[in-house]
Amino acid sequence: MKEALKCYTEDPFDYGPVDSVLAKYKDQKGATIPILQAVQDEYGYLPYQALERIAKVLKVPFSRIFGVATFFAQFHLQPRGENIIRVCLGTACHVRGGAKIVEKLQEILQLDVGGTTADRKFTLESVACIGACGLAPVMMINNDTFGRLTTQKLAGIIENYGKETE
Amino acid sequence: MSHRRILFCAGTGCISSGALKTRDALVSELEKRGIRDQYEVVLSGCHGFCEQGPLLIVHPEDTFYCGVQPEDMAELIDEYLLNGRVVERLLYKDPVTGERTSDHMKIGFYAKQKRLVLHNCGVIDPENINEYIGTKGYEALKAALKMERTAIIDEVKRSGLRGRGGAGFPTGMKWEFTFKTPGDKKYIVCNADEGDPGAFMDRSVLEGDPHAVLEGMIIAGYAIGADEGYVYVRAEYPLAVKRLRIAITQAEEFGFLGSNIMGTGFNFKINIKEGAGAFVCGEETALLASIEGERGMPRPRPPFPAISGLWGKPTCLNNVETFANIPLIIREGADSFASVGTERSKGTKIFALTGKINNTGLAEVPMGMTMREIIFDIGGGIRDGKQFKAVQIGGPSGGCLPAELLDLPIDYDSLTQAGAMMGSGGLVVMDENTCMVDLARYFLTFTQNESCGKCTPCREGTKRMLEALERITEGKGESGDIPMLEELANSIKDSSLCGLGQTAPNPILSTLRYFRHEYEEHILEGKCSAGVCRNLVTYHIDAEKCTGCRACTRVCPVEAITGDKKQPHEINIQVCIKCGACMEKCKFDAVILK
Ligand SMILES: Cc1cc2nc3c(=O)[nH]c(=O)nc-3n(C[C@H](O)[C@H](O)[C@H](O)COP(=O)(O)O)c2cc1C
Ligand code: FES
């Protein structure tokens, strides 16, 4: 979690998207999470400035917003890649060799889980079950699910998303 | 020719196997032949048999095809649809007898199931409310609205329905508590967080029959006097969210939801909240905190949500499958419902069969069926002819059961007694190649990661247990580790704030109970006979199988493999770093672990 404390900042910052999200949700109760979800959809992650703005408009301490943003796995305080690869490490995938899939992906992309490639093309993440356990081991790239994976299949799949492999 | 209906399973499993591409191919082939209007092509929810996907069923004759690819569609139309000649190669093939059948009720996977809750899944188009109504949908709501509120609650109580979300609390009693708590505003909440990694029954019900869940919630709302409900769905389930939204809009249009429902003056609205990825949010108080927009941390109970729930109001919170059972109970009657199941566990339960099993998928069976019937008759036994070792039931909160308990009839109480629990109903089957210590380590990694950190026993305790398990799997275990683990596990169980911590030790306790020798073997002999724990195994080459093709010598990063061309090779275990590259490369399975 220490990483999370170093929020990424941008200068100058475009407040347009966060303000329009806030305008939409301002009067709903319990809207913190939907607001964060919508803001993340806009920017691709949760910029520090956006969190500050949310706290200010909702009139709650920054720590509350920050606390929620760091609690849930879905929220990201760092920019992420164009393509999000989520490898399942749920039980069903684990017993069918999910760990090998992650290792191979790390090797292909030269990334640790949670990392983003320098060209911001790929982010590698792990999830615990995407509900397609019947096809284990499974991964998702953006919204596409790939099942019955083997280490041999990976390079080919990733190539389709713009990664050159030798 | 009469009007025919072609159903494609469009659950998440079949979609990722390519169901939509096959559907598109079928439609375009039909169009090419100018016969598109004679066929109704429907996308249904999950049919359960994810293993064989994509699945296709032709009605009215109910012919079942599996593994259907776009390039098969032309043949399917010309041979089967137009000329009635069944396409043999696309029929289900029994892995044991090799026989093919077009009648899915003859397939072991379906034959032993009792699909009551799932009766619409894979049969109707979940995005069309008329199809739900066509299979007696919303009849239960109509009946309920004519009943006394207490009579509905009594009916649910009499049915013996127990919560399908984990603990198995009697649903009727929960409703009664919420009903009796005074309050001008009450809430119904549906728990669709489904955090157990390895379970997907709630997802399939929401994707395949969303109206059944809504109908259950509306009836609950009427019975306890609530006018608003929330469905809390995992954000990882985009298709379920989409189908729920469509279902809510349609139910509103038809007057089953909204204000003055069916002219009775009863108002009820349903909101969707998307979760944001935290296992602990499946716990009811954490879930409510998350709906309120806070960090999803549990709080001590009592007060229970029935007394003080969402925004402090009386709240009735049930699982997806629990709600999906309600229309059935009201429509068919409590007695009919209670005629299925065991003495203290009534009705059916949906299990997600996964792991090293032949038929992965969803199976709904009467309570009290034995593990053996589920795994071997429905699940088709263990993959690749391997030996059954254990089954993990109930996810990270549950426990594993060994082969000796295969004949245990499954219900809430028998499982708890055996040291596991029903949990969500995830069944992960393991074979001889699974190391039970590694499995316990896997679950602890999960729970330790997901511990919210509010209470010390869970936050610190899961970490200490995980460290011990890591030590043992790395071959650095000490003889005091087993008693230490047992002591820690029991005190964490007793002293944690919420169910997460209270059940986190279960995988350790149950593996210690049934597979203690594996722990001892790791610690005392430095051996992992399943060949999983990397530090405890060594790589060898089977001289009989090795053809001397040299493939392995080329991939070995440390040049540990020697041998002449066409002669059996050898691995120098002093040099070997156990990366496994040779094993993966070898085409002859000559690399073995010892
Ligand atoms: C850590 C933890 C995770 C849970 N996850 C879920 C879940 O994903 N889905 C669910 O329905 N219940 C889950 N539960 C159980 C709920 O707290 C609650 O008991 C249940 O939703 C009540 O519904 P029921 O009575 O219909 O079973 C979880 C409990 C704990 C302690
Ligand atoms: S465990 Fe991987 S999809 Fe469920």
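What counts, and at which threshold
Residues numbered from 1 in each chain as written. Chains lettered and ligands numbered in written order. Predicted model: local features only at pLDDT ≥ 70, side-chain atom pairs only at ≥ 80, totals over all residues. Heavy atoms only, no water. Helix = DSSP H or I, 4+ residues; strand = E, 2+ residues; numbered from the N terminus. Buried < 20%, exposed > 50% of the residue type's maximum accessible area, 1.4 Å probe, protein only. Contact = heavy atoms within 4.5 Å. Areas by Shrake-Rupley, 256 points an atom, 1.4 Å probe, with all protein chains shown as cover. Lys, Arg positive; Asp, Glu negative; His and termini not counted. Charge placed at Lys NZ, Arg CZ, Asp CG, Glu CD. Domains from an automatic or database assignment. pLDDT = per-residue confidence, 0-100. Phe/Tyr/Trp six-rings, centres within 6.5 Å; stacked < 30°, edge-to-face > 60°. Lys NZ or Arg CZ within 6 Å of the ring centre and 35° of its normal. Near = heavy atom within 4 Å. Polar contact = N/O pair within 3.5 Å; in protein donor to acceptor, adjacent residues only side chain to side chain. Buried area = accessible area lost by both parts, 1.4 Å probe. Salt bridge = Lys/Arg side-chain N within 4 Å of Asp/Glu carboxyl O. Nonpolar A, V, L, I, M, F, W, Y, C, P; charged D, E, K, R; others polar. Pairing = 2+ DSSP bridges. Axes fitted to C-alpha atoms, helices over the stretch in contact; angles between N-to-C directions. Disulfide = S-S within 2.5 Å. Left-handed = near helix turned anticlockwise from the far one by under 90°. Patch = residues over 30% accessible without salt bridge, like charges linked within 9 Å, V, L, I, M, F, W, Y side chains within 5 Å.

A. Representation of the overall build of chain A within the structure. On a plain count of helices and strands, chain A comes out with eight helices and four strands. Helices and strands appear in chain A in the N-to-C order α-α-α-α-α-β-α-α-β-β-β-α. Based on the C-alpha atoms only, the size of chain A along its principal axes is roughly 50 × 30 × 30 Å. Across the 166 residues of chain A, 52% fall into the buried class. Contacts spanning at least 24 positions in sequence make up 61% of the contacts within chain A whose residues lie at least 6 apart. Only carbon and sulfur atoms are counted for the fraction: they give 48% of the accessible area of chain A, which is about 8000 Å². Positive and negative charge centroids in chain A, built from 19 and 19 side chains respectively, lie 8 Å apart.

B. Spatial organisation of the domain arrangement of chain B. For chain B, the assigned domains are domain 1 (4-106), domain 2 (129-338), domain 3 (348-431), domain 4 (436-525) and domain 5 (538-593). The gap between the C-alpha centroids of domain 2 of chain B and domain 5 of chain B is 57 Å.

C. Region of interest: the confidence of the model for chain B. Mean pLDDT over chain B: 93, with 100% of residues reaching 70 or higher. Scoring of the predicted complex yields 0.91 for pTM and 0.85 for ipTM.

D. Representation of the packing of aromatic side chains. Counted according to the given criterion, the structure contains 24 aromatic pairs over all chains. Three or more aromatic residues link up through ring pairs in this structure, and these residues are F49(B), F64(B), Y92(B), F109(B) and Y110(B). Directly above the aromatic system of Y15(A) lies the positively charged group of R53(A), at a separation of 4.1 Å from the ring centroid.

E. Representation of the site of ligand 1. All names here are of chain B. Taken together, 18 residues lie around ligand 1, and G165, K174, N318, N319 and T322 are the ones closest in. Between ligand 1 and G165 there is a distance of 2.7 Å, counted from an oxygen atom to a backbone nitrogen or oxygen. Interatomic distance of 3.0 Å between a backbone N/O atom of E284 and an oxygen atom of ligand 1. In isolation ligand 1 has 610 Å² of accessible area, and contact with the protein removes 88% of it. At the level of elements, β10 (315-319) and α20 (499-503) are the ones that each hand at least two residues to the shell around ligand 1. Considering each element in turn, the shell around ligand 1 owes the most residues, three residues, to β10.

F. Focus on the interface of chain B and chain A. Contacts between the two partners involve 54 residues from chain B, matched on the other side by 37 residues from chain A. Between chain B and chain A, the buried area comes to about 3400 Å², and carbon and sulfur atoms account for 54% of it. Here chain B is connected to chain A by two salt bridges. As a salt-bridge pair, E294(B) and R64(A) come within 3.0 Å of each other at their nearest N and O atoms. One can count 20 residue pairs in polar contact (both at pLDDT 80 or more) joining chain B with chain A. Those elements that place two or more of their residues in the side of chain B that touches chain A are α1 (12-16), β9 (269-274), α12 (284-291), β11 (348-355), β15 (426-431) and α17 (436-450) of chain B. Counting residues per element, the side of chain B that touches chain A draws most heavily on α17(B), at six residues. Looking at the side of chain B that touches chain A, its residues break down into 24 nonpolar, 14 polar and 16 charged.

G. Summary view of the sheet that holds strand β2 (residues 122-127) of chain A. All names here are of chain A. Spatially, β2-β1-β3-β4 is the arrangement adopted by the four strands of the open sheet, whose pairing is mixed. Whereas interior strands pair on both sides, the edge strands pair on one side only; in this sheet they are β2 and β4 (144-146). Ignoring strand direction, the axes of neighbouring strands in this sheet form an average angle of 20°. Where strand β3 (residues 139-141) lies against β4, three bridges are found, and the strand directions are antiparallel. Along β4, the bridge assignment pairs M140 with T145. Across the sheet, helix α7 (residues 98-109) is in contact with β1 (83-88), β2 and β3; its angle to β1 comes to roughly 150°. Packing against the sheet, helix α8 (residues 151-159) makes contact with β1, β2, β3 and β4, and its axis sits at approximately 15° to β3.

H. Up close: the state of the cysteines. All names here are of chain B. Taken as a whole and judged by the stated rule, the model has zero disulfides over all chains. Looking at the unpaired C46, the closest cysteine sulfur is the one in C50, lying at 4.2 Å. Summary of cysteine pairing: C452 is not part of a disulfide, and the nearest cysteine sulfur, belonging to C498, is at 6.4 Å.

I. Local environment of the sheet that holds strand β1 (residues 4-9) of chain B. Residues and elements named next belong to chain B. Strand order across the open sheet formed by four strands is β2-β1-β3-β4, with mixed pairing between neighbours. The sheet is open, and its two edges are formed by β2 (39-44) and β4 (63-66), each paired on a single side. Here the average twist between neighbouring strands, direction ignored, is 20°. Here strand β3 (residues 55-59) pairs with β4 via four bridges, running antiparallel. Its bridge partner being in β4, L55 is matched across the sheet by C66. Lying on the sheet, helix α2 (residues 19-32) is in contact with β1 and β2; it crosses β2 at an angle near 175°.

J. Seen up close, the environment of A132(A). Summarising the element assignment, A132(A) is placed in the loop between β2 and β3. Residues A132(A) and R64(A) lie 68 residues apart in sequence; the distance between their C-alpha atoms is 34 Å. If we skip the residues at most four places from it in the chain, A132(A) touches V138(A), T145(A) and T12(B).

K. Here's a closer look at the packing of helix α3 (residues 32-43) of chain A against helix α4 (residues 48-58) of chain A. All names here are of chain A. Packing of α3 against α4 leaves a shortest axis separation of 11 Å and a crossing angle of 145°. Relative to α4, the crossing made by α3 is right-handed. On α4, the residues that touch I35, L36, V39 and Y43 of α3 are A50, L51, I54 and L58.

L. Structural view of a positive patch on the surface. Residues and elements named next belong to chain B. Together, R554, K565, K566, K585 and K587 line one region of the surface with positive charge. As for its position among the elements, R554 is in helix α23 (residues 551-555). Using a relative accessible area of 65% as the deciding quantity, one classes R554 as exposed.

M. Region of the structure containing the side chain of R162(B). Residues and elements named next belong to chain B. Residue placement: R162 occurs in the loop between α7 (149-159) and α8 (171-180). R162 sits in the buried class, given a relative accessible area of 12%. Other than its neighbours up to four places away in sequence, R162 contacts G168, F169, P170, T171, R344, S345, Y412 and D413.

N. Inspection of the pattern of salt bridges at higher detail. Residues and elements named next belong to chain B. Scanning all chains against the criterion turns up 46 salt bridges over all chains. In this structure, the salt-bridge partner of R5 is E131, at a minimum N-O distance of 2.8 Å. Residue R5 is found in strand β1, and its partner E131 is found in helix α5 (residues 129-134); the two are separated by 126 residues along the sequence. Taken individually, R5 and E131 each receive the classification buried, so the pair is uniform in this respect. Linking E520 and R516 is a salt bridge whose minimum nitrogen-to-oxygen distance equals 3.8 Å.

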